[in-house]
Amino acid sequence: MMAASAPPSLRNTLLSLLLLLVLAFSSPASGRPATFLQDFRITWADSHIKQIDRGRAIQLILDQSSGCGFASRRRYLFGKVSMKIKLIPGDSAGTVTAFYMNSDTDTIRDELDFEFLGNRTGQPYTVQTNIYAHGKGDREQRINLWFDPAADFHTYSILWNHHHIVFYVDQVPIRVYKNNEPKGIPYPKFQPMGVYSTLWEADDWATRGGLEKIDWSKAPFNAYYKDFDLEGCEVPGPRNCAPNPSNWWEGEAYQQLSPAEAQRYKWVRMNHMIYDYCSDRSRYPVVPPECVAGY
Ligand SMILES: *[C@@H]1O[C@H](CO)[C@@H](O)[C@H](O)[C@H]1NC(C)=O
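On a predicted model such as this, the values are computed, not experimentally measured, just so you know.

Chemist: So what exactly am I meant to see when it comes to the sheet that holds strand β15 (residues 273-276) here?
Modeler: Backbone-to-backbone hydrogen bonds join strands into a sheet, with any given pair of strands oriented parallel or antiparallel. The antiparallel open sheet is built from eight strands, whose spatial order is β1-β4-β13-β6-β7-β8-β9-β15. Strands with a single pairing partner mark the edges of an open sheet, and in this sheet they are β1 (40-44) and β15. The average angle at which neighbouring strand axes cross in this sheet is 15 degrees, direction not considered. Bridging between strand β9 (residues 141-144) and β15 involves three bridges; their strand directions are antiparallel. Looking across to β15, one finds that R142 is bridged to Y275.

As structure tokens, then:
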């Protein structure tokens with residue numbers, strides 16, 4: 001309204017100011033998604049990670065000589081990390097592709113894990129998630145995906161803020177770990193975490209509990225990653241990592257699941273969950289406190 005009634009020169013100034021504002025908000029300085037090398041460095045077997053599409057995507061290779069791995073250049077205290085992954089097609093039994101956050105502290109480790117367990121051709125991949133808080137893990141859950149994760153790229157994300165941790169597959173929550181500190185339940189919140197990924201052979205446990213062995217005649221095994229999107233409070237960094245409004249991942253919309261998300265989460269738990277440590281009475285005769293405290 002104001003621009004319309006103002007003289008043309010002022011109007012132009014206002015319009016260009018508006019344009020500048022729009023540009024400033026739509027393309028943050030970091031420019032997401034990033035190239036692989038902007039966000040990551042290779043930590044294991046240079047020769048087994050190939051950059052493709054001018055560094056915007058990578059190919060991970062597992063063969064009999066080696067697996068491979070990479071890690072973020074920076075560490076974050078809360079935020080949201082996402083990437084698109086296309087898993088090993090065909091016979092991937094015995095292989096594990098992992099995407100995780102880790103505080104890299106031995107004794108009081110915090111860790112948030114996505115692990116993709118390969119399978120024989122035609123058998124479903126299993127996604128295992130786990131959460132370590134203040135050094136204690138053993139909180140495995142497993143789901144079978146509702147699509148073939150090797151046929152195309154899908155987005156896998158971890159949201160971590162002061163209220164909860166949510167694992168997403170294509171915007172569908174597959175796991176929620178609530179901050180129940182008032183009930184004495186440990187919650188990762190003191191240590192920044194890096195973002196990691198590895199591809200390796202784990203045929204002693206991965207597929208049907210180690211019964212299915214890797215078939216090396218099918219090697220090399222290839223997985224692909226792209227659209228790297230790490231947004232969080234960098235440590236060390238200029239930002240205050242407290243739950244303040246400039247940290248968007250702490251905003252109201254991210255403090256609990258939306259009704260639509262809650263519905264999808266329920267659907268996953270009812271139709272796709274194949275293991276939950278919370279209901280494993282032979283392993284935990286006493287129900288772990290975080291399972292009782294609720295999601
Ligand atoms: C592999 O396929 C079998 C048979 O469908 C299934 O029971 C299992 O959960 C799948 N995943 C793994 C990692 O073994």
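Read on, since the account is not over.
Chemist: I'm lost on the side chain of N102 in this one. Help?
Modeler: Mapped onto the elements, N102 comes out in strand β6 (residues 95-102). In this structure N102 touches R109, D110, E111, P192, M193, G194 and Y196, once residues within four positions along its chain are discounted.

Chemist: Any chance you could explain unusual backbone geometry here in plain terms?
Modeler: Trans peptide bonds make up most of the peptide bonds, and negative phi angles are found at most residues other than glycine. For the bond running from A219 to P220, omega is 0 degrees, close enough to zero to count as cis. Counting through the fold element by element, P220 comes out in the loop between β13 (194-201) and β14 (221-235). At the junction of V235 and P236, the peptide bond is cis and its omega measures out at 0 degrees in the coordinates. As for its placement among the helices and strands, P236 is situated in the loop between β14 and α4 (259-271).

Chemist: What's the story with the environment of Q59 in this structure? I'm lost.
Modeler: Along the polypeptide, Q59 turns up in strand β3 (residues 57-62). Remark: the alpha-carbon pair of Q59 and A223, spanning 164 residues in sequence, is separated by 5.8 Å. If we skip the residues at most four places from it in the chain, Q59 touches H48, I49, K50, I52, N222, A223 and Y224. There is a polar contact of 2.9 Å between the side chain of Q59 and the side chain of Y224.

Chemist: Explanation requested: the sheet that holds strand β10 (residues 154-160) in the structure shown.
Modeler: Strand order across the open sheet formed by seven strands is β2-β3-β14-β5-β10-β11-β12, with antiparallel pairing between neighbours. Every other strand in the sheet has two partners, leaving β2 (49-52) and β12 (172-178) as the edge strands with one partner each. With strand direction ignored, the average angle separating the axes of adjacent strands in the sheet is 20 degrees. Bridge count between strand β5 (residues 75-86) and β10: seven bridges; the pairing is antiparallel. Looking at β10, one finds that K80 is bridged to L159. Strands β11 (164-169) and β12 of the sheet are contacted by α4, whose axis makes an angle of about 95 degrees with β12.

Chemist: Hey, could you run me through the state of the cysteines in this one?
Modeler: Going through the model one piece at a time under the given rule, you end up with two disulfides. Taken in sequence order, the bonded cysteines of the protein chain link in the pattern 1-2, 3-4.

Cut-offs and rules
Residues numbered from 1 in each chain as written. Predicted model: local features only at pLDDT ≥ 70, side-chain atom pairs only at ≥ 80, totals over all residues. Heavy atoms only, no water. Pairing = 2+ DSSP bridges. Helix = DSSP H or I, 4+ residues; strand = E, 2+ residues; numbered from the N terminus. Axes fitted to C-alpha atoms, helices over the stretch in contact; angles between N-to-C directions. Contact = heavy atoms within 4.5 Å. Polar contact = N/O pair within 3.5 Å; in protein donor to acceptor, adjacent residues only side chain to side chain. Disulfide = S-S within 2.5 Å.

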